[in-house]
Protein chains: 2
Amino acid sequence: MTKEVVPDIVIARLPRYLQCLNLMAKEGLHTVSSGVLAERLGTTAAQIRKDLSYFGGFGKQGSGYPIYSLIEALQEILNLDRIWQVAVVGAGDLGRALTRYQGFPRRGIEIKLLFDVDPKLVGTKVGSITIQHVDYLEKEIQHHGIKIGVLAVPAEYAQLMADRMVEAGIEGILSYAPVSLILPESVHAQHIDPVLQLQTMMYYLGED
Amino acid sequence: MTKEVVPDIVIARLPRYLQCLNLMAKEGLHTVSSGVLAERLGTTAAQIRKDLSYFGGFGKQGSGYPIYSLIEALQEILNLDRIWQVAVVGAGDLGRALTRYQGFPRRGIEIKLLFDVDPKLVGTKVGSITIQHVDYLEKEIQHHGIKIGVLAVPAEYAQLMADRMVEAGIEGILSYAPVSLILPESVHAQHIDPVLQLQTMMYYLGED
DNA sequence: TAGATTGTTAATCGATTAACAATC
DNA sequence: TAGATTGTTAATCGATTAACAATC
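Residues numbered from 1 in each chain as written. Chains lettered and ligands numbered in written order. Predicted model: local features only at pLDDT ≥ 70, side-chain atom pairs only at ≥ 80, totals over all residues. Heavy atoms only, no water.

A.B. asks: Talk me through the protein's contact with DNA strand C; I want residue IDs and the actual numbers.
C.D. replies: Taken together, 25 residues surround DNA strand C, and among them S34, G59, G62 and Y65 of chain A together with K60 of chain B come closest. Near the protein, within 4 Å, the atoms of DNA strand C are sugar or phosphate in 63% of cases. Here Y65 of chain A contributes a side-chain N or O atom positioned 2.6 Å from a phosphate oxygen of DNA strand C. In the environment of DNA strand C, a phosphate oxygen lies 2.9 Å from a nitrogen or oxygen atom belonging to the side chain of R13 of chain B. Put simply, the parts of the chain that give the surface near DNA strand C at least two residues each are α3 (45–53) of chain A together with α1 (8–26) and α3 (45–53) of chain B. In terms of residue count, α3 of chain B provides more of the surface near DNA strand C than any other element does, 4 residues in total. Taken together, the residues of the surface near DNA strand C break down into 5 nonpolar, 13 polar and 7 charged. (Near = heavy atom within 4 Å. Polar contact = N/O pair within 3.5 Å; in protein donor to acceptor, adjacent residues only side chain to side chain. Helix = DSSP H or I, 4+ residues; strand = E, 2+ residues; numbered from the N terminus. Nonpolar A, V, L, I, M, F, W, Y, C, P; charged D, E, K, R; others polar.)

And the structure:
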């Protein structure tokens, strides 16, 4: 039996399904059809059914999907059934805002380390985390066995810090730096750059 | 002559090309081949040539693309040849960090308005912007003729604030709220949710 | 039971890649 | 000129959609 590979794009949609299902559970719903879920998400029923079918049959003909057990199944598929510790590099406005962001602990993400080069910041606290000098980046990441890093440094330092994180054993990087990073195939990278997203929008808004 | 429609996914890549080209220009390069650009971006030469060909022929056989004129062409295509004013709703950690973000003015984005409901925040300044009460959202957005809004409010208020922005004439929304928004077809929406991106990553990192 | 909805297959659609003539 | 590289066409690949038998 060859294990069928699930397309990346399907994996990327699962967290959105989960987010919506959690909201529905909060609203007191117990069951949802692919059609209703699709409408809330702005996608199609067929796509949701197809995506879920990569992992098994979670629904019941006639009634749809039991919300609570589908949530549990998706959490297990995505490895969300534990707390993931994260290291943040860069304690500027963004790094500090991320460290304080309530949405992380609420969804199983714990910011454990925060680094900066600025001696005025090193030693100060952001919430319960003390900012450490980047000199200790490798040592601390290894010591805590952290696998996920967040880059919140200026573009010029992003590649260097990414390299150091990878060296220290980081396997996934979420970068807020406005540059393309060159990373080993084995490292999973995600990028957030609001300017790129706004510029995409400007193409469509420009037709006045 | 029927104007061929350019796929959304092509448009979404253009800002990344532009970002890389700007960096190369800064490095003093004058010309770049699709192959070299592709390597820096982690994509393929064929894709870059195909994407650019939707808009015309910008390169020269034998030598590649003149960086400076390709930058100018992309800026014009994306309507970046002017300053875009933006309204930010929500002046929490994130909203304030975005308002101070240097990367916006540097790339033609001017945060002009900042709103919140918190009376302790209203009237205070973030950089040169005074936080205004959301009661004035519609009036101010209309007065300045602003077309782009950024949502930096908690999930519970996101849909409501999105509706009000649309009502006020906003045509593009960049949302940092962790919910799916339901918006008219005519409004261009972009979402940023680091949790969703980290959860996608966790699927791949989980195989230990 | 009748109606609703799943899981899955096959058809369609669209995007990426390969290849190469044109040409700088 | 010879080598390099574009712009474009055709081939391939993969993702989405439609359709429907199975079944709750």
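A.B. asks: Describe the pattern of salt bridges, naming the residues involved and giving the relevant values.
C.D. replies: Residues and elements named next belong to chain A. Enumeration according to the criterion identifies 16 salt bridges over all chains in this entry. The residue R13 makes a salt bridge to D51 at a minimum N-O spacing of 2.7 Å. Taken together, the residues R13 in helix α1 (residues 8–26) and D51 in helix α3 connect sequence positions 38 residues apart. Since its relative accessible area comes to 17%, R13 is described here as buried. (Salt bridge = Lys/Arg side-chain N within 4 Å of Asp/Glu carboxyl O. Buried < 20%, exposed > 50% of the residue type's maximum accessible area, 1.4 Å probe, protein only.)

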